[in-house]
Amino acid sequence: MAAEVLAGQGARVLVAEAMPTPARKFLMAGKSGLNLTKNEGQDAFIRRLHGPMLQGAGQVAGHALGIDEFGPAEAIRWAEGLGIEMFTGSTGRVFPVGMKASPLLRAWLSRLRGQGVDLRTRWRWTGFEGQAWRFDTPDGAVLLDPNVAVLGLGGASWPRLGSDAAWIPWLAGQGVRIAPFRPANMGFHVHWSAAMTRHFGQAVKGTAISAGALVSRGEWVVTAQGVEGGGIYEIAQALRDGQDGWIDLAPDLPLAELARRFYRAPARLSVGNRIRRVLGDPMRAALLMEWGQPLPADPDGLAAAAKSLPLRHDGAAGLDRAISSAGGIMAEALGERLELSVLPGVFAAGEMLDWEAPTGGYLLTACLASGRLAGTGAAMKLGLRPH
């Protein structure tokens with residue numbers, strides 16, 4: 001995004017990509033359909049983003065990452081401008097009609113080449129040498145002295161895709177303040193009883209999960225290691241930070257109606273069979289019997305337990321499998337348009353910065369917006385006036 005802005009203003013742009021091919025994490029996001037954004041109002045969108053970078057409300061928070069200039073509507077128009085037809089699903093999530101990232105990436109790279117952007121793969125930044133930037137390349141060490149630089153090096157999640165946080169000591173050595181990385185959009189470990197084994201790999205549908213002020217109606221998955229999936233990721237930040245998780249196994253039924261259904265279940269049935277009969281779903285019944293112990297025997301108690309079931313976990317999964325990360329370059333280390341205060345002319349974007357967002361289009365759009373914001377800042381530093 002930064003290269004697009006700079007090249008569009010006539011700047012000579014070199015993109016140094018450490019991996020053999022670019023945008024590997026973008027392509028990984030496309031494995032589940034490339035949920036580019038969430039089609040909702042800007043204020044509602046911004047409220048789903050968290051972290052010190054976003055301490056503020058409305059446009060104040062949105063300005064920090066550039067979402068006030070590049071929000072959901074702009075993300076859709078940008079993709080369509082690349083010739084990619086988009087559609088909005090029933091939940092407001094926006095996808096390419098083809099449900100793949102690769103066509104969009106190919107069109108994007110083609111446009112960048114047409115703008116004169118020079119993409120160098122297997123160029124790994126290895127720190128500073130005096131005032132120069134040092135890169136390991138297939139042709140040996142290379143030193144560059146750019147007029148401006150934009151860093152989009154990622155956080156610390158999925159390191160095999162390139163975001164290994166190796167940059168931390170080089171920036172910290174220059175005086176850039178950096179908060180430790182923590183997993184975000186991750187699963188949680190659970191030590192299941194043997195009775196749950198047959199449910200491993202199955203999706204949990206039709207629930208509402210809450211933690212702190214966050215609520216999710218999305219699907220999630222029970223695995224041998226614990227719980228994961230979009231529904232969990234939406235509340236992962238609050239769970240990770242110590243808030244209790246609660247599951248409503250029948251979110252579309254009032255408590256009184258659910259209790260009436262338990263009363264109507266034949267008294268001759270065991271408690272387990274009554275739960276399965278009323279909930280009508282083996283997975284939700286299994287969760288109630290797993291996490292609701294000791295189970296109440298009366299219908300009112302069973303209904304209450306099903307409407308407020310504790311999500312019992314044994315801690316967050318690690319960074320190596322987390323979709324994204326929290327932490328990074330602190331807000332106080334940044335000036336206008338994401339310029340590093342102690343390194344004038346150097347800008348940073350994306351997951352390098354101290355913020356986080358759930359999946360569902362929020363994370364990807366905010367990364368794109370921050371790249372665009374950093375690019376406009378770099379262009380202005382060069383005396384250009386990007387639109």
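So, here's what we can say about the structure. If you're wondering where the values come from, they're calculated on a predicted model, not measured in any experiment. (Residues numbered from 1 in each chain as written. Predicted model: local features only at pLDDT ≥ 70, side-chain atom pairs only at ≥ 80, totals over all residues. Heavy atoms only, no water.)

1. Some points on the overall build of the chain
Scanning the chain from terminus to terminus reveals 14 helices and 20 strands. Summarising its shape, the C-alpha atoms of the chain cover approximately 80 × 40 × 40 Å along the three principal directions. Here the chain holds 387 residues, and the buried ones make up 51% of them. Of the contacts made within the chain by residues no fewer than 6 positions apart, 70% connect residues no fewer than 24 positions apart. Of the roughly 17400 Å² of accessible surface on the chain, a fraction of 52% belongs to carbon and sulfur atoms. Of the side-chain charges in the chain, 39 are positive and 35 negative, and the distance between the mean point of each set is 6 Å. (Helix = DSSP H or I, 4+ residues; strand = E, 2+ residues; numbered from the N terminus. Buried < 20%, exposed > 50% of the residue type's maximum accessible area, 1.4 Å probe, protein only. Contact = heavy atoms within 4.5 Å. Areas by Shrake-Rupley, 256 points an atom, 1.4 Å probe, with all protein chains shown as cover. Lys, Arg positive; Asp, Glu negative; His and termini not counted. Charge placed at Lys NZ, Arg CZ, Asp CG, Glu CD.)

2. Digging into the side chain of Glu257
Within the secondary structure layout, Glu257 lies in helix α10 (residues 255-264). Glu257 gets classed as buried once you look at its relative accessible area, which sits at 16%. At 2.9 Å, the side chain of Glu257 forms a polar contact with the side chain of Arg260. (Polar contact = N/O pair within 3.5 Å; in protein donor to acceptor, adjacent residues only side chain to side chain.)

3. Let's talk about unusual backbone geometry
Comment: phi is negative for the bulk of residues other than glycine, and the bulk of peptide bonds are trans. With an omega of -5 degrees, the peptide bond between Gln293 and Pro294 qualifies as cis. For Pro294, the location among the structural elements is in the loop between α12 (282-291) and α13 (299-307). One non-glycine residue with positive phi stands out, namely Arg122, at about 60 degrees. Its place among the elements puts Arg122 in the loop between β5 (118-121) and β6 (124-129).

4. Description of the nonpolar core
Leu49, Trp78, Leu171, Ile329 and Trp355 are the most contacted members of the largest nonpolar core, which totals 71 residues. Counting residues per element, this core draws most heavily on helix α14 (residues 362-381), which supplies ten residues. Ranked by size, the runner-up nonpolar core spans 41 residues in total, among them Trp192, Leu249, Leu311 and Ala322. (Core = buried A, V, L, I, M, F, W, Y, C linked by side-chain atoms within 4.5 Å.)

5. A look at the side chain of Thr137
Position of Thr137 relative to the elements: it lies in strand β7 (residues 132-137). The exposure class of Thr137 is buried, given its relative accessible area of 12%. In terms of polar contacts, Thr137 uses its side chain to reach the backbone carbonyl oxygen of Gly140, at 2.6 Å. Excluding residues that lie within four positions of it along the chain, Thr137 makes contacts with Arg122, Trp123 and Val142.

6. Remarks on the packing of helix α5 (residues 72-81) against helix α6 (residues 102-114)
Between α5 and α6, the least distance of the axes is 10 Å, while the angle of their chain directions is 75 degrees. Relative to α6, the element α5 lies roughly perpendicular. Listed contacts from α6 to Trp78, Ala79 and Gly81 of α5 are Leu104, Trp108 and Arg111. Classifying every residue of the contact of α5 with α6 by side-chain character gives four nonpolar, one polar and one charged. (Axes fitted to C-alpha atoms, helices over the stretch in contact; angles between N-to-C directions. Parallel < 35°, antiparallel > 145°, perpendicular 65-115°, else oblique. Nonpolar A, V, L, I, M, F, W, Y, C, P; charged D, E, K, R; others polar.)

7. Some words on the sheet that holds strand β8 (residues 140-144)
The three strands are arranged β6-β7-β8 in an open sheet whose pairing can be described as antiparallel. Both edges of this open sheet fall to β6 and β8, since each of them pairs with a single strand only. Between one strand and the next, the sheet's axes are offset by a mean angle of 30 degrees, whatever the strand orientation. As paired strands, β7 and β8 are joined by five bridges and run antiparallel to one another. By the bridge assignment, Phe135 is partnered in β8 with Val142. (Pairing = 2+ DSSP bridges.)

8. Things to note about a nonpolar patch on the surface
Together, Phe87, Val97 and Met99 make up a nonpolar patch on the protein surface, roughly 230 Å² of accessible area in all. Within the secondary structure layout, Val97 lies in the loop between β4 (93-96) and α6. (Patch = residues over 30% accessible without salt bridge, like charges linked within 9 Å, V, L, I, M, F, W, Y side chains within 5 Å. Salt bridge = Lys/Arg side-chain N within 4 Å of Asp/Glu carboxyl O.)

9. Focus: the packing of aromatic side chains
Taken as a whole and judged by the stated rule, the model has eleven aromatic pairs. Centroid distance Phe87 to Phe95: 5.8 Å. Interplanar angle 25 degrees. Geometry classified as stacked. The class of Phe87 is partly exposed, set by a relative accessible area of 33%. A relative accessible area of 14% places Phe95 in the buried class. (Phe/Tyr/Trp six-rings, centres within 6.5 Å; stacked < 30°, edge-to-face > 60°.)

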